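Architecture and fold: a report
Letter by letter, the chains look like this.
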Amino acid sequence: MEKPRQVVRKFLARPQHEGVGAVVRRSIGRFELRYFDPFLVLDEFSVSAPAGFPDHPHRGFETVTYMLEGAVTHEDFEGHRGSIKAGDVQWMTAGRGIVHSEMPAGPGTSKGLQLWVNLSSANKMIEPGYQEIQSKDIACTSADGVTVRVIAGNAMGVRSPVRTRTPTLYLDFTVRPRAAAVRQPVDASWNAFAYVLEGEGVFGAERCAPVGAHHLLLLGQGDGLEVWNKSPDKTLRFLLVAGEPIGEPVAQLGPFVMNTEEEIDMTVDDFERYANGFEKARHWKSQAMVALGVE
Ligand code: FJE
Ligand code: FE
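Here the structure is a predicted model, which is why all the values come from computation and not from measurement.

Bringing the packing of aromatic side chains into the picture now. All told, the structure shown has 10 aromatic pairs when counted by the stated rule. With centroids separated by 6.2 Å and ring planes inclined at 90°, the aromatic side chains of Phe45 and Phe53 adopt a geometry described as edge-to-face. Given a relative accessible area of 6%, Phe45 falls into the buried group. Classification of Phe53 by relative accessible area gives buried; the value is 19%. A ring pair is formed by Tyr66 and Tyr170, whose centres lie 6.0 Å apart and whose planes are at 80°; its orientation type is edge-to-face. Of this pair, Tyr66 sits in strand β6 (residues 61–69) while Tyr170 is found in strand β17 (residues 168–175), placing the two residues 104 residues apart along the sequence.

Structure, rendered in structure tokens:
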């Protein structure tokens, strides 16, 4: 590594209410950080029944749901349904349109991360699709006290099978106390951030102050990242995510993300008229909503 990236901005993601009774710590997508090209939203979420994210649409981007604890049941308007359990990842390409619900499965609190990855204008209206990888099938490797789970891209010699329409690196690192440093290359032309899940880490340079859980660190220019866990007894867990910037204008209305206001108006029209990808929303209601007796 010739030039390790340094931390240029730091945000603490505080809890806020989203969906119906759910709590999210939003880092990317909040007022002070509307967009970090190509990333639209990063939420660390926590939900327990009956709270959740009932029937809602998406268009123009991908959602990546990575579960930490518990499980989320999802069902969509085409009849695709399943459960995302701890350690599993669902990489959902909304493309031209998906309407779905995402609700906690079973008792207790379900926790995870949801990242929204923008799609380029050429990909915004593609067919929707899913890539679902169970925890046991996620590429994983360890060396010198560092374990990495490769959600997208490659690290420490292992590669994820996920196909990313917007080139993306998504890594989950666990670093033992007093472990040797993490040294991870990141394409110099990509935007990159780290998000601390537990413990404390020293990011960028050894002289830096340690950073704790729920902090988002935007990384500056460079060809990789170096991280140390200097704690004598606490494990460090953090995400390293990077993506190739799309460099296009963004027009967003909640779960619709297009390039222009005109396209947003057309999307609202399509959604209201059940057209251009939203046809199946006309007669659909999730089982979760039926069970709650919602009209
Ligand atoms: C959404 C409000 C929302 N973060 N993290 C508005 F809450 C949502 C939404 C989610 C979401 C779902 C999960 Cl499982 C995890 C999330 C926001 O569903 F899409 C809009 N538009
Ligand atoms: Fe959703």
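There is more to say after this.
Here the focus is the nonpolar core. Formed by 27 residues in total, the largest nonpolar core has its most connected members in Leu115, Tyr170, Phe193 and Leu216. Mapped onto this core, the elements with two or more residues apiece are β4 (39–47), β6, β9 (89–93), β11 (110–118), β14 (146–152), β19 (191–198), β21 (215–219) and β23 (236–243). The residues contacting Leu216, other than those within four sequence positions of it, are Arg9, Lys10, Phe11, Ser27, Ile28, Leu33, Leu42, Phe193, Ala194 and Tyr195. By size, the runner-up hydrophobic cluster in this structure holds 26 residues, among which are Ala155, Ala179, Ala194 and Phe203.

The strand order β1-β21-β19-β23-β17-β14-β13 describes an open sheet built from seven strands, whose pairing is antiparallel. Single-partner strands in this sheet number two, and they are β1 (7–12) and β13 (139–143). Pairwise comparison of adjacent strand axes, ignoring direction, gives a mean angle of 20° for this sheet. The sheet contact formed by β13 and β14 spans five bridges and is antiparallel. Bridged to Ala143 within β14 is Val146.

Here we take up helix α1 (residues 261–272). With 12 residues, α1 should cover 16 Å at 1.5 Å per step; its first-to-last C-alpha distance of 17 Å lies within 8% of that length. Along α1, the residues classified as buried are Ile264, Thr267 and Asp270. One side of α1 holds all its buried residues, which, seen down the axis, span an arc of 120°. Among the exposed residues of α1, those pointing more than 90 degrees away from its buried face are Glu261, Glu262 and Glu272. Its buried side turned inward, α1 meets β24 (251–253) and β25 (256–258).

Within the protein, His56 (NE2), His58 (NE2), His100 (NE2) and Glu102 (OE) serve as the donor atoms for the iron ion (ligand 2), at 2.1 to 2.3 Å. For the iron ion (ligand 2), the donor residues sit on a single chain with the sequence spacing H-x1-H-x41-H-x1-E. Remark: His100 occurs in strand β10 (residues 98–104) and His56 occurs in strand β5 (residues 53–58); sequence separation between them is 44 residues. For the residue pair His56 and His100, the accessibility class agrees, reading buried in each case.

The rules we used
Residues numbered from 1 in each chain as written. Chains lettered and ligands numbered in written order. Predicted model: local features only at pLDDT ≥ 70, side-chain atom pairs only at ≥ 80, totals over all residues. Heavy atoms only, no water. Phe/Tyr/Trp six-rings, centres within 6.5 Å; stacked < 30°, edge-to-face > 60°. Buried < 20%, exposed > 50% of the residue type's maximum accessible area, 1.4 Å probe, protein only. Helix = DSSP H or I, 4+ residues; strand = E, 2+ residues; numbered from the N terminus. Core = buried A, V, L, I, M, F, W, Y, C linked by side-chain atoms within 4.5 Å. Contact = heavy atoms within 4.5 Å. Pairing = 2+ DSSP bridges. Axes fitted to C-alpha atoms, helices over the stretch in contact; angles between N-to-C directions. Expected span 1.5 Å × (residues − 1). Arc of directions from axis to C-beta. Donors = N, O, S within 2.8 Å, 3.2 Å for Na, K, Ca; no water.

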